[in-house]
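Coordinate analysis (summary)
Letter by letter, the chains look like this.
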Amino acid sequence: MFKIRAFWALSDRETCEAFAEGHRNVLLENGIKKVTSADNSWMDSPMVYVFVCEDEEANIVGGARLHIAAENHPLPMQTAISQVDQRINTYVEEFSPR
């Protein structure tokens, strides 16, 4: 039996850290050594929600993060893409009010 749980990142640092470590391990197992998502500042953002799937022993077996676009909280993909194309910032600004 699996349990899916959603929470505000600021409300559960321990689970955020376990989620981040699991994500890192999956990337390493697949030969990916450096990615922008290795930055864990999202754990301190009021604009992030986390979804985890846990097994019966509360081990995380999957999950996702939901980042809400806001002026002072760029999306991770926005940060990565802006290094090569600044137009992403205008694009996100147009859609963030929705």
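Look up: the structure comes first, before these words.
What comes next is a walk through the structure. (Residues numbered from 1 in each chain as written. Predicted model: local features only at pLDDT ≥ 70, side-chain atom pairs only at ≥ 80, totals over all residues. Heavy atoms only, no water.)

1. What to know about the state of the cysteines
For the structure on display, the rule yields zero disulfides. Here cysteine 16 is not disulfide-linked; the sulfur of cysteine 53 is the nearest cysteine sulfur, at 16 Å. (Disulfide = S-S within 2.5 Å.)

2. Observations regarding the packing of aromatic side chains
Given two aromatic rings, their pairing is described by the distance between the two centres and the angle made by the two planes. One pass over the full model with this rule turns up two aromatic pairs. Considering the side-chain rings of phenylalanine 19 and tryptophan 42, the 5.9 Å spacing of their centres and the 85° angle between planes classify their relative orientation as edge-to-face. Of the two residues, phenylalanine 19 sits in helix α1 (residues 13-29) while tryptophan 42 sits in the loop between α1 and β2 (48-54), which places them 23 residues apart along the sequence. Residue classification places tryptophan 42 among the buried positions, given a relative accessible area of 4%. (Phe/Tyr/Trp six-rings, centres within 6.5 Å; stacked < 30°, edge-to-face > 60°. Helix = DSSP H or I, 4+ residues; strand = E, 2+ residues; numbered from the N terminus. Buried < 20%, exposed > 50% of the residue type's maximum accessible area, 1.4 Å probe, protein only.)

3. As for α1
Taking 1.5 Å of rise per residue, 17 residues should cover 24 Å, and α1 covers 24 Å from first to last C-alpha, within 8% of that figure. Buried within α1 we find Thr15, Cys16, Phe19, Ala20 and Leu27. The arc that holds every buried residue of α1, seen down its axis, measures 140°, which confines them to one face. Exposed and oriented more than 90 degrees from the buried face of α1 are Glu14 and Glu29. For α1, the elements touching its buried residues are β1 (3-8), β2 and β3 (60-67). Phi turns positive, to about 80°, at glycine 31, one or two residues after α1. (Expected span 1.5 Å × (residues − 1). Arc of directions from axis to C-beta. Contact = heavy atoms within 4.5 Å.)

4. As for unusual backbone geometry
Trans is the prevailing form of peptide bonds, just as negative phi is the prevailing case for residues other than glycine. The phi dihedral of alanine 58 is positive, around 70°, even though this residue is not glycine. By the secondary structure assignment, alanine 58 is in the loop between β2 and β3.

5. Concerning the nonpolar core
When a protein is soluble and globular, its nonpolar side chains tend to lie buried together. Formed by Phe7, Ala9, Cys16, Phe19, Ala20, Trp42, Met43, Val48, Val50 and Val52, the largest nonpolar core amounts to ten residues. Listing elements by their share of this core, those giving two or more residues are α1 and β2. (Core = buried A, V, L, I, M, F, W, Y, C linked by side-chain atoms within 4.5 Å.)

6. Section: the side chain of serine 45
Here serine 45 is to be found in the loop between α1 and β2. There is a polar contact of 3.1 Å between the side chain of serine 45 and the backbone nitrogen of methionine 47. (Polar contact = N/O pair within 3.5 Å; in protein donor to acceptor, adjacent residues only side chain to side chain.)

7. Quick notes on the sheet that holds β1
Pairing is antiparallel in the open sheet, where three strands are placed in the order β1-β2-β3. What marks the edges here is a single partner per strand, and that holds for β1 and β3. Across the sheet, the mean angle separating the axes of adjacent strands is 15° when strand polarity is ignored. Pairing analysis gives six bridges linking β1 to β2, with the strands arranged antiparallel. Bridging from a neighbouring strand, arginine 5 pairs with valine 52 of β2. Contacts from α1 reach β1, β2 and β3, with the element oriented near 105° to β3. (Pairing = 2+ DSSP bridges. Axes fitted to C-alpha atoms, helices over the stretch in contact; angles between N-to-C directions.)

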